[in-house]
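Given next are the chains, with one letter for each unit.
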Amino acid sequence: MNGWLIVNAYVRSEKFCELFEMLVQAGKSQDCMLEIKTNEEIWRLLAVHNYQIKKQLETVDFIIFWDKDLTLAQVLEQQGIRLFNSAESIAVCDDKSQTQIALLDKNIRMPKTVFNPKVFPSAGWPNKDYYLDMAQTLGYPCIVKECFGSFGQQVYLAYDDKELLEIIRKNWPGSFIMQEYIASSRGRDIRVQVVGKKIVACMYRYNDNDFRANVTNGGSMKPYQVNEAQAKMALDVCRELGLDFGGIDIMFGENDEPVFCEANSNAHFKNLYDCTGINVADELIAYIRQEMTHAF
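Scoring rules and cut-offs
Residues numbered from 1 in each chain as written. Predicted model: local features only at pLDDT ≥ 70, side-chain atom pairs only at ≥ 80, totals over all residues. Heavy atoms only, no water. Helix = DSSP H or I, 4+ residues; strand = E, 2+ residues; numbered from the N terminus. Buried < 20%, exposed > 50% of the residue type's maximum accessible area, 1.4 Å probe, protein only. Contact = heavy atoms within 4.5 Å. Areas by Shrake-Rupley, 256 points an atom, 1.4 Å probe, with all protein chains shown as cover. Lys, Arg positive; Asp, Glu negative; His and termini not counted. Charge placed at Lys NZ, Arg CZ, Asp CG, Glu CD. Phe/Tyr/Trp six-rings, centres within 6.5 Å; stacked < 30°, edge-to-face > 60°. Disulfide = S-S within 2.5 Å. Pairing = 2+ DSSP bridges. Axes fitted to C-alpha atoms, helices over the stretch in contact; angles between N-to-C directions. Patch = residues over 30% accessible without salt bridge, like charges linked within 9 Å, V, L, I, M, F, W, Y side chains within 5 Å. Salt bridge = Lys/Arg side-chain N within 4 Å of Asp/Glu carboxyl O.

Enquirer: Just checking my understanding: could you explain the overall build of the chain for this structure?
Expert: For the chain, the count of helices and strands is 10 helices and 13 strands. Dimensions of the chain, computed from C-alpha atoms along their principal axes, come out at roughly 60 × 50 × 35 Å. Buried positions account for 52% of the 296 residues belonging to the chain. Sequence separation of at least 24 residues holds for 67% of the intrachain contacts in the chain that already meet a minimum separation of 6. Of the roughly 14300 Å² that the chain leaves accessible, carbon and sulfur atoms contribute 47%. Counting 31 positive and 40 negative side-chain charges, the chain places the averaged centre of each group 1 Å from the other.

Rendered as C-alpha coordinates:
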(Lines give C-alpha, C1' and ligand atoms only; values in the text may rest on other atoms or scores of the structure.)
Protein backbone atom coordinates (compact mmCIF):
# COMPACT_ATOMS: atom_id res chain seq x y z
CA MET A 1 0.00 0.00 0.00
CA ASN A 2 1.30 3.45 -0.95
CA GLY A 3 0.40 6.86 0.36
CA TRP A 4 1.44 10.47 0.46
CA LEU A 5 2.02 12.48 3.61
CA ILE A 6 1.27 16.06 2.61
CA VAL A 7 2.91 18.68 4.82
CA ASN A 8 3.32 22.44 4.67
CA ALA A 9 6.34 23.56 2.66
CA TYR A 10 7.10 26.37 5.09
CA VAL A 11 6.97 24.44 8.38
CA ARG A 12 10.40 23.00 9.01
CA SER A 13 10.76 22.90 12.79
CA GLU A 14 12.41 19.92 14.44
CA LYS A 15 9.17 19.02 16.22
CA PHE A 16 7.25 18.73 12.96
CA CYS A 17 10.04 16.82 11.20
CA GLU A 18 10.18 14.31 14.06
CA LEU A 19 6.47 13.68 13.78
CA PHE A 20 6.64 13.21 10.00
CA GLU A 21 9.49 10.72 10.37
CA MET A 22 7.49 8.78 12.96
CA LEU A 23 4.69 8.39 10.43
CA VAL A 24 7.05 7.32 7.65
CA GLN A 25 8.73 4.72 9.87
CA ALA A 26 5.38 3.43 11.10
CA GLY A 27 4.38 2.97 7.48
CA LYS A 28 7.54 1.01 6.67
CA SER A 29 7.00 -1.31 9.61
CA GLN A 30 3.51 -2.15 8.29
CA ASP A 31 4.41 -2.50 4.60
CA CYS A 32 2.85 0.86 3.83
CA MET A 33 5.16 3.15 1.91
CA LEU A 34 4.59 6.79 2.81
CA GLU A 35 6.15 9.52 0.67
CA ILE A 36 6.40 13.05 2.03
CA LYS A 37 5.10 15.75 -0.31
CA THR A 38 4.71 19.46 0.39
CA ASN A 39 1.63 21.47 -0.43
CA GLU A 40 3.75 23.68 -2.68
CA GLU A 41 5.01 20.63 -4.57
CA ILE A 42 1.47 19.39 -5.20
CA TRP A 43 0.23 22.82 -6.28
CA ARG A 44 3.05 22.92 -8.86
CA LEU A 45 2.07 19.47 -10.09
CA LEU A 46 -1.56 20.51 -10.36
CA ALA A 47 -0.67 23.64 -12.34
CA VAL A 48 1.47 21.70 -14.83
CA HIS A 49 -1.31 19.18 -15.42
CA ASN A 50 -4.13 21.73 -15.50
CA TYR A 51 -5.40 20.60 -12.10
CA GLN A 52 -5.92 17.03 -13.31
CA ILE A 53 -3.37 14.63 -11.82
CA LYS A 54 -5.30 11.38 -11.75
CA LYS A 55 -2.53 9.62 -13.70
CA GLN A 56 0.07 10.75 -11.16
CA LEU A 57 -2.21 9.51 -8.39
CA GLU A 58 -2.75 6.02 -9.84
CA THR A 59 -0.13 4.55 -7.50
CA VAL A 60 -1.34 6.52 -4.48
CA ASP A 61 -3.89 4.67 -2.37
CA PHE A 62 -4.47 7.40 0.21
CA ILE A 63 -3.17 10.72 1.55
CA ILE A 64 -2.48 11.71 5.13
CA PHE A 65 -3.15 15.43 4.91
CA TRP A 66 -1.03 16.97 7.67
CA ASP A 67 -1.62 20.56 6.65
CA LYS A 68 -4.33 23.20 6.76
CA ASP A 69 -4.17 24.16 3.10
CA LEU A 70 -7.88 23.46 2.76
CA THR A 71 -8.17 24.47 -0.88
CA LEU A 72 -5.57 21.86 -1.79
CA ALA A 73 -7.34 19.24 0.31
CA GLN A 74 -10.60 19.97 -1.50
CA VAL A 75 -8.96 19.75 -4.94
CA LEU A 76 -7.40 16.39 -4.09
CA GLU A 77 -10.72 15.03 -2.84
CA GLN A 78 -12.27 16.07 -6.14
CA GLN A 79 -9.69 13.81 -7.79
CA GLY A 80 -11.19 10.90 -5.88
CA ILE A 81 -8.40 10.44 -3.35
CA ARG A 82 -9.22 9.40 0.22
CA LEU A 83 -7.79 11.92 2.67
CA PHE A 84 -7.10 11.29 6.36
CA ASN A 85 -8.49 13.63 7.73
CA SER A 86 -11.01 15.01 5.25
CA ALA A 87 -10.98 18.64 4.15
CA GLU A 88 -14.30 19.23 5.91
CA SER A 89 -13.09 17.83 9.22
CA ILE A 90 -9.85 19.79 9.12
CA ALA A 91 -11.78 22.98 8.36
CA VAL A 92 -14.26 22.60 11.22
CA CYS A 93 -11.45 21.90 13.71
CA ASP A 94 -9.18 24.67 12.41
CA ASP A 95 -11.81 27.34 13.08
CA LYS A 96 -12.79 27.26 16.75
CA SER A 97 -16.05 29.08 16.08
CA GLN A 98 -17.04 26.39 13.58
CA THR A 99 -16.12 23.68 16.08
CA GLN A 100 -18.50 25.23 18.60
CA ILE A 101 -21.31 25.46 16.05
CA ALA A 102 -20.80 21.85 14.90
CA LEU A 103 -21.16 20.59 18.48
CA LEU A 104 -24.18 22.67 19.49
CA ASP A 105 -27.12 20.55 20.68
CA LYS A 106 -24.98 17.39 20.60
CA ASN A 107 -25.16 16.77 24.35
CA ILE A 108 -21.51 17.72 24.76
CA ARG A 109 -20.82 20.08 27.63
CA MET A 110 -18.88 23.16 26.51
CA PRO A 111 -18.08 26.51 28.11
CA LYS A 112 -20.69 29.17 27.48
CA THR A 113 -19.54 30.83 24.24
CA VAL A 114 -20.34 34.08 22.44
CA PHE A 115 -19.27 35.03 18.94
CA ASN A 116 -17.65 38.07 17.41
CA PRO A 117 -20.03 39.76 14.94
CA LYS A 118 -18.73 40.35 11.45
CA VAL A 119 -17.33 43.88 11.23
CA PHE A 120 -15.57 45.13 8.11
CA PRO A 121 -12.15 46.70 8.77
CA SER A 122 -13.17 49.79 6.81
CA ALA A 123 -15.89 50.41 9.39
CA GLY A 124 -13.26 51.12 12.02
CA TRP A 125 -13.23 50.07 15.68
CA PRO A 126 -16.59 48.42 16.53
CA ASN A 127 -19.01 49.26 19.30
CA LYS A 128 -17.15 48.25 22.45
CA ASP A 129 -20.43 47.99 24.36
CA TYR A 130 -21.16 44.67 22.67
CA TYR A 131 -18.02 43.07 24.08
CA LEU A 132 -18.55 44.56 27.52
CA ASP A 133 -22.13 43.27 27.54
CA MET A 134 -20.95 39.81 26.49
CA ALA A 135 -18.36 39.83 29.26
CA GLN A 136 -21.11 40.54 31.75
CA THR A 137 -23.03 37.58 30.35
CA LEU A 138 -20.00 35.30 30.73
CA GLY A 139 -18.65 36.81 33.92
CA TYR A 140 -15.07 37.82 34.71
CA PRO A 141 -12.52 36.51 34.23
CA CYS A 142 -13.41 35.41 30.72
CA ILE A 143 -11.53 33.81 27.86
CA VAL A 144 -10.81 35.42 24.50
CA LYS A 145 -9.75 32.83 21.96
CA GLU A 146 -8.66 33.51 18.41
CA CYS A 147 -10.49 31.23 16.00
CA PHE A 148 -7.26 30.18 14.32
CA GLY A 149 -4.31 29.23 16.48
CA SER A 150 -2.26 26.42 17.97
CA PHE A 151 -0.43 25.44 21.16
CA GLY A 152 -2.55 27.75 23.31
CA GLN A 153 -0.66 30.79 22.06
CA GLN A 154 -3.78 32.63 20.88
CA VAL A 155 -5.80 32.21 24.07
CA TYR A 156 -6.14 35.10 26.53
CA LEU A 157 -7.66 35.66 29.96
CA ALA A 158 -9.33 38.98 30.72
CA TYR A 159 -10.03 39.94 34.33
CA ASP A 160 -11.90 43.20 33.72
CA ASP A 161 -13.23 45.59 31.08
CA LYS A 162 -9.87 47.25 30.53
CA GLU A 163 -8.02 43.98 29.90
CA LEU A 164 -10.79 42.71 27.66
CA LEU A 165 -10.73 45.76 25.39
CA GLU A 166 -6.93 45.70 25.24
CA ILE A 167 -7.01 42.07 24.09
CA ILE A 168 -9.66 42.78 21.48
CA ARG A 169 -7.80 45.84 20.16
CA LYS A 170 -4.64 43.78 19.89
CA ASN A 171 -6.40 41.15 17.79
CA TRP A 172 -8.63 43.45 15.81
CA PRO A 173 -9.96 42.80 13.18
CA GLY A 174 -9.22 39.08 13.58
CA SER A 175 -11.77 36.38 14.18
CA PHE A 176 -12.25 35.29 17.79
CA ILE A 177 -14.73 33.93 20.29
CA MET A 178 -15.31 34.74 23.96
CA GLN A 179 -15.90 31.98 26.48
CA GLU A 180 -16.78 31.30 30.07
CA TYR A 181 -13.66 30.64 32.14
CA ILE A 182 -13.66 27.18 33.74
CA ALA A 183 -11.82 28.09 36.93
CA SER A 184 -11.85 24.51 38.24
CA SER A 185 -9.63 23.53 35.32
CA ARG A 186 -7.09 26.34 35.67
CA GLY A 187 -3.72 25.13 34.41
CA ARG A 188 -4.86 21.56 33.84
CA ASP A 189 -6.60 19.45 31.21
CA ILE A 190 -6.24 16.15 29.39
CA ARG A 191 -5.31 15.41 25.79
CA VAL A 192 -7.13 12.34 24.53
CA GLN A 193 -5.83 10.85 21.28
CA VAL A 194 -8.47 9.06 19.23
CA VAL A 195 -7.83 6.94 16.15
CA GLY A 196 -10.89 5.56 14.42
CA LYS A 197 -13.38 4.72 17.13
CA LYS A 198 -10.73 3.94 19.71
CA ILE A 199 -8.89 5.92 22.36
CA VAL A 200 -5.24 5.02 21.95
CA ALA A 201 -3.49 7.28 24.48
CA CYS A 202 -4.09 10.06 26.96
CA MET A 203 -2.03 12.44 29.05
CA TYR A 204 -2.74 14.85 31.87
CA ARG A 205 -1.26 18.30 31.29
CA TYR A 206 -0.70 20.75 34.10
CA ASN A 207 0.92 24.13 34.68
CA ASP A 208 1.09 25.87 38.07
CA ASN A 209 2.16 29.17 36.49
CA ASP A 210 -0.38 29.66 33.70
CA PHE A 211 -4.12 29.19 33.18
CA ARG A 212 -3.24 27.21 30.03
CA ALA A 213 -1.98 23.64 30.40
CA ASN A 214 -0.22 23.35 27.02
CA VAL A 215 3.20 21.71 27.27
CA THR A 216 4.52 24.14 24.65
CA ASN A 217 3.73 26.98 27.07
CA GLY A 218 5.78 25.41 29.85
CA GLY A 219 3.31 22.85 31.14
CA SER A 220 4.17 19.38 32.38
CA MET A 221 2.59 16.04 31.50
CA LYS A 222 2.01 12.57 32.86
CA PRO A 223 0.09 9.49 31.66
CA TYR A 224 -3.61 9.50 32.43
CA GLN A 225 -6.38 6.92 32.35
CA VAL A 226 -9.63 8.42 31.10
CA ASN A 227 -12.85 7.66 32.93
CA GLU A 228 -16.03 6.60 31.19
CA ALA A 229 -17.46 10.12 30.83
CA GLN A 230 -14.22 11.54 29.42
CA ALA A 231 -13.88 8.65 26.98
CA LYS A 232 -17.44 9.11 25.77
CA MET A 233 -16.93 12.83 25.22
CA ALA A 234 -13.73 12.31 23.20
CA LEU A 235 -15.33 9.67 20.99
CA ASP A 236 -18.55 11.66 20.57
CA VAL A 237 -16.61 14.77 19.51
CA CYS A 238 -14.61 12.86 16.90
CA ARG A 239 -17.77 11.27 15.54
CA GLU A 240 -19.65 14.57 15.28
CA LEU A 241 -16.68 16.29 13.59
CA GLY A 242 -16.08 13.41 11.20
CA LEU A 243 -12.49 12.89 12.33
CA ASP A 244 -10.54 9.76 11.41
CA PHE A 245 -8.11 10.73 14.13
CA GLY A 246 -7.71 13.67 16.47
CA GLY A 247 -6.49 15.03 19.75
CA ILE A 248 -9.37 16.08 21.96
CA ASP A 249 -8.66 18.48 24.83
CA ILE A 250 -10.97 18.11 27.81
CA MET A 251 -11.15 20.32 30.90
CA PHE A 252 -12.33 19.54 34.42
CA GLY A 253 -15.62 20.93 35.72
CA GLU A 254 -16.31 21.74 39.38
CA ASN A 255 -16.85 18.06 40.19
CA ASP A 256 -14.24 16.93 37.66
CA GLU A 257 -16.96 16.30 35.08
CA PRO A 258 -15.63 16.64 31.51
CA VAL A 259 -15.93 19.97 29.72
CA PHE A 260 -14.94 20.11 26.06
CA CYS A 261 -12.15 22.52 25.19
CA GLU A 262 -10.82 21.95 21.65
CA ALA A 263 -10.48 19.39 18.89
CA ASN A 264 -7.21 19.08 16.97
CA SER A 265 -7.36 17.42 13.56
CA ASN A 266 -3.56 17.35 13.23
CA ALA A 267 -2.63 16.83 16.86
CA HIS A 268 1.09 16.56 17.54
CA PHE A 269 1.72 13.23 19.22
CA LYS A 270 5.47 13.40 19.91
CA ASN A 271 4.85 14.73 23.44
CA LEU A 272 2.24 12.03 23.91
CA TYR A 273 4.79 9.41 22.89
CA ASP A 274 7.39 10.84 25.27
CA CYS A 275 4.82 10.81 28.06
CA THR A 276 3.12 7.45 27.54
CA GLY A 277 5.44 5.43 25.29
CA ILE A 278 2.51 4.86 22.91
CA ASN A 279 3.33 5.58 19.27
CA VAL A 280 0.18 7.05 17.74
CA ALA A 281 1.78 6.78 14.28
CA ASP A 282 1.60 2.97 14.50
CA GLU A 283 -2.08 3.15 15.43
CA LEU A 284 -2.83 5.61 12.65
CA ILE A 285 -1.17 3.54 9.92
CA ALA A 286 -2.93 0.39 11.13
CA TYR A 287 -6.27 2.22 11.02
CA ILE A 288 -5.63 3.53 7.50
CA ARG A 289 -4.68 0.06 6.26
CA GLN A 290 -7.90 -1.32 7.71
CA GLU A 291 -10.03 1.44 6.17
CA MET A 292 -8.43 1.12 2.75
CA THR A 293 -8.71 -2.66 2.77
CA HIS A 294 -12.45 -2.35 3.41
CA ALA A 295 -12.69 0.29 0.66
CA PHE A 296 -11.27 -2.15 -1.88
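Enquirer: In this structure, what is going on with the packing of aromatic side chains? I would like to understand it.
Expert: A ring pair, where both rings are aromatic, is described by two values, the distance of the centres and the angle of the planes. Scanning the model with the defined rule gives 11 aromatic pairs in all. Aromatic pair Tyr-204 and Tyr-224: ring centres 6.0 Å apart, planes at 20°, arrangement stacked. Of this pair, Tyr-204 sits in strand 10 (residues 198-206) while Tyr-224 sits in the loop between strand 11 (220-223) and helix 8 (228-241); the two residues are 20 residues apart in sequence, bridging distant segments of the chain. According to the relative accessible area criterion, Tyr-204 is buried, its value standing at 15%. According to the relative accessible area criterion, Tyr-224 is partly exposed, its value standing at 24%. Among the aromatic residues, those joined into a cluster by ring pairs are Tyr-204, Tyr-206, Tyr-224 and Phe-252.

Enquirer: Before we go on, may I ask you to explain the state of the cysteines in this structure?
Expert: A covalent bond between the sulfur atoms of two cysteines is referred to as a disulfide. By the definition in use, this model includes zero disulfides. You can see Cys-147 has no disulfide; the closest cysteine sulfur is in Cys-93, sitting 13 Å from it. You can call Cys-147 buried: its relative accessible area is 1%. No disulfide involves Cys-261; its nearest neighbouring cysteine sulfur is the one of Cys-93, lying 13 Å away. Classification of Cys-261 as buried rests on a relative accessible area of 16%.

Enquirer: Before we go on, may I ask you to explain the sheet that holds strand 4 (residues 83-84) in this structure?
Expert: Within a sheet, each strand pairs with its neighbour through backbone hydrogen bonds, oriented either parallel or antiparallel. The strand order across the open sheet built from four strands is 2-1-3-4, with neighbouring strands paired in parallel fashion. Either end of the sheet is taken by a strand with one partner, and the two such strands are strand 2 (33-38) and strand 4. Bridging between strand 3 (residues 62-66) and strand 4 involves two bridges; their strand directions are parallel. Counterpart to Ile-64 in the pairing with strand 4 is Phe-84. Helix-sheet contacts for helix 3 (residues 70-78) involve strand 1 (2-7), strand 3 and strand 4, and the interaxial angle to strand 3 is about 170°.

Enquirer: I'm lost on a nonpolar patch on the surface in this one. Help?
Expert: On the surface, a nonpolar cluster with roughly 250 Å² of combined accessible area is contributed by Ile-101, Leu-104 and Phe-115. Structurally, the position occupied by Phe-115 is in strand 5 (residues 113-115). The exposure class of Phe-115 is partly exposed, given its relative accessible area of 33%.

This is a description of form; function is not addressed.
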